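Results of the structural survey
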Amino acid sequence: MNFPEHTVEKIGGTSMSRIHELRDTLIIGDRAADRLFHRMFVVSAFGGITNLLLEHKKTGKPGVFALFANDDNDHSWLDALNGVTTAMKDQHDKVLDNPADRALAEDFVRDRIEGARNCLYDLRRLCSYGHFRLSSQMMIVRELLSGLGEAHSAFVTTLMLQRAGVNARFVDLSGWRDETECSLQERISKAFSDVDLATELPIVTGYAQCREGLMREYDRGYSEVTFANIAAYTGAKEAIIHKEFHLSSADPALVGVEEVQKLGHTNYDVADQLSNMGMEAIHPNAAKILRQAKVALRVTNAFEPSDPGTLIDEKPAEAPAVEIITGLNVVSLELFEQDMVGVKGYDAAALDALRRHKVRIASKISNANTITHYVEAPLKTVRRVVSDLEEAFPSARVSARTVSIVSAIGRDLTGLKAFSQGIRALEDAGIEVIAAHQAPRNVDIQFVLPREAADKAVVALHAALVGRSDIKSLKQAA
């Protein structure tokens, strides 16, 4: 199917909680009727809803899924599901002014929540017979629950826009009550087979039910993968992510709003480095899909719709520059064996243990007798890896400590002497440098530091390498 020139745009959960504000600026604003279309919006769940449905992304506090998975017949997941109903109602009551629209939204929530409740009841009853194992169904349960949030926000946003006179269309990719099994590509193709982008404004769920299982592969990053696949399939002119902040040269809360610079233009290489450092402009798999489809990505501040934001494409830098300073808390996992030199197997065993315990590697360095992985995982999980490695290599010394990596990133760092300048800036700020590394490709420099010094290091490196910070900012971070 050929689509007219258009953009595919995504609104994240935090911004979705203020969608009624975005209606009058980002979505409608001062656009004439014919400029309302040739766009589609992929939406996340309202802020906090997915945390209630699954588990809190930062604190780990259990939501419906986690409580159902660990249910010991106290049925606490039922109370949690009731809590989701209340939270959804609170959210759509903020967005919808018309009583009829609110009634439609309540009916929608009731249908989805009651359906999910019955499904979970039936599943537990089925598994009580012994021939069926609940554990084998938990990923499907996770998918079912996660899709409730995006379906709700997309439906409510559609109602809100229709009430404002916009010909919005609810596009539900969640597979609710759909008995057919299809791939992600087939799900998208079917949903957009009769959409007219010249006269309709599609509001699309960020979750898509498909044979591949998005949660299994991407977990909480599924909405960006859905967004990227839609942009690639429809041949979008641009894929646009609307966040609640600009993509800037450092965290404004650390360096100061007046000190940071909006990136304006960068490439997918930098986006990948940011993802590796936990500062995702976009999920790395979503970036890969867009890059391979030759669709440029734009990251904007949703609440500054007149600002073009930052364009991410494949173009190289016009001149070498450090573009962004960012940090990540990690655990340093060090395997030392005096007799390692010239012997194979140590690295493979370490990687196998990390993979077995589902530990993500942020960086790695090695020499003749030491392999150090910098990993993003709870310390208790890393200790299990330590135990496995000590069992595999009884004469080795395996240790773990919490540290931070602060990284200077840019499309091209050639000739800047940023490595030596960064070391000097950290020493001048009184910060101990545990390790430092710059790869030959010259897109990032990583400084390993004590965790308590990370914020101060971001300020110091931003001042030295980006050049907008001052001593006052450095003192504030101290």
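One structure accompanies this document, and this report is about it. Owing to the predicted nature of the structure, the values given are computational and were not obtained by experimental measurement.

**Describing the overall build of the protein chain**
Per the secondary structure count, the protein chain includes 18 helices and 14 strands. Looking at the protein chain as a whole, 52% of its 478 residues qualify as buried. Accessible area of the protein chain: about 22200 Å², with a carbon and sulfur share of 49%. Once the 55 positive and 65 negative side-chain charges of the protein chain are each reduced to a mean point, those two points are 1 Å apart.

**Some thoughts on the nonpolar core**
Counting residues in hydrophobic clusters, the biggest one holds 107 residues, and the most contacted among them are Ile19, Leu161, Phe192, Phe227, Ile230, Leu290 and Leu297. Looking at this core element by element, the count peaks at 11 residues for helix α7 (residues 138–163). Among residues more than four places away in sequence, those in contact with leucine 161 are Arg23, Ile27, Ile28, Val166, Ala168, Leu201 and Ile203. Counting 25 residues, the second-largest nonpolar core is a separate cluster that includes Val255, Val406, Leu449 and Val459.

**Looking at the sheet that holds strand β8 (residues 310–313)**
A sheet is described by the order of its strands in space; here eight strands give the open sequence β3-β4-β2-β1-β5-β7-β8-β6, paired in mixed fashion. Whereas interior strands pair on both sides, the edge strands pair on one side only; in this sheet they are β3 (168–171) and β6 (265–267). For this sheet, the mean angle separating the axes of adjacent strands, direction not counted, is 25°. Note: strand β1 (residues 7–11) against strand β5 (residues 238–243), five bridges, orientation parallel. Residue isoleucine 11 lies in a different strand from β5, and its bridge partner there is histidine 242.

**Quick word on the packing of helix α6 (residues 99–127) against α7**
Running from N to C, α6 and α7 cross one another at 170°; their axes reach a closest spacing of 10 Å. Viewed along their axes, α6 and α7 adopt a mutual orientation that is roughly antiparallel. Contacts from Ala100, Asp101, Leu104, Ala105, Phe108, Val109, Arg112, Ile113, Ala116, Cys119, Leu120 and Leu123 in α6 reach Val141, Leu144, Leu145, Leu148, Ala151, His152, Phe155, Val156, Leu159 and Arg163 in α7. A class-by-class count of the residues in the contact of α6 with α7 yields 18 nonpolar, one polar and three charged.

**Describing the packing of aromatic side chains**
One pass over the structure, following the stated rule, counts nine aromatic pairs. Ring geometry for phenylalanine 108 versus phenylalanine 155: centroids 4.3 Å apart, planes at 10°, classification stacked. A residue pair is termed long-range when its members are at least 10 positions apart, and phenylalanine 108 in helix α6 and phenylalanine 155 in helix α7 qualify at 47 residues. Among the residues examined, phenylalanine 108 registers a relative accessible area of 12% and is labelled buried. You can call phenylalanine 155 buried: its relative accessible area is 17%. Positioned above the aromatic ring of phenylalanine 303, the side-chain terminus of arginine 18 is 3.7 Å from the ring centre. The side chain of arginine 142 reaches across the aromatic face of phenylalanine 65, ending 4.9 Å from its centre.

How each quantity is defined
Residues numbered from 1 in each chain as written. Predicted model: local features only at pLDDT ≥ 70, side-chain atom pairs only at ≥ 80, totals over all residues. Heavy atoms only, no water. Helix = DSSP H or I, 4+ residues; strand = E, 2+ residues; numbered from the N terminus. Buried < 20%, exposed > 50% of the residue type's maximum accessible area, 1.4 Å probe, protein only. Areas by Shrake-Rupley, 256 points an atom, 1.4 Å probe, with all protein chains shown as cover. Lys, Arg positive; Asp, Glu negative; His and termini not counted. Charge placed at Lys NZ, Arg CZ, Asp CG, Glu CD. Core = buried A, V, L, I, M, F, W, Y, C linked by side-chain atoms within 4.5 Å. Contact = heavy atoms within 4.5 Å. Pairing = 2+ DSSP bridges. Axes fitted to C-alpha atoms, helices over the stretch in contact; angles between N-to-C directions. Parallel < 35°, antiparallel > 145°, perpendicular 65-115°, else oblique. Nonpolar A, V, L, I, M, F, W, Y, C, P; charged D, E, K, R; others polar. Phe/Tyr/Trp six-rings, centres within 6.5 Å; stacked < 30°, edge-to-face > 60°. Lys NZ or Arg CZ within 6 Å of the ring centre and 35° of its normal.

In short, shape yes, function no, at least from these values alone.
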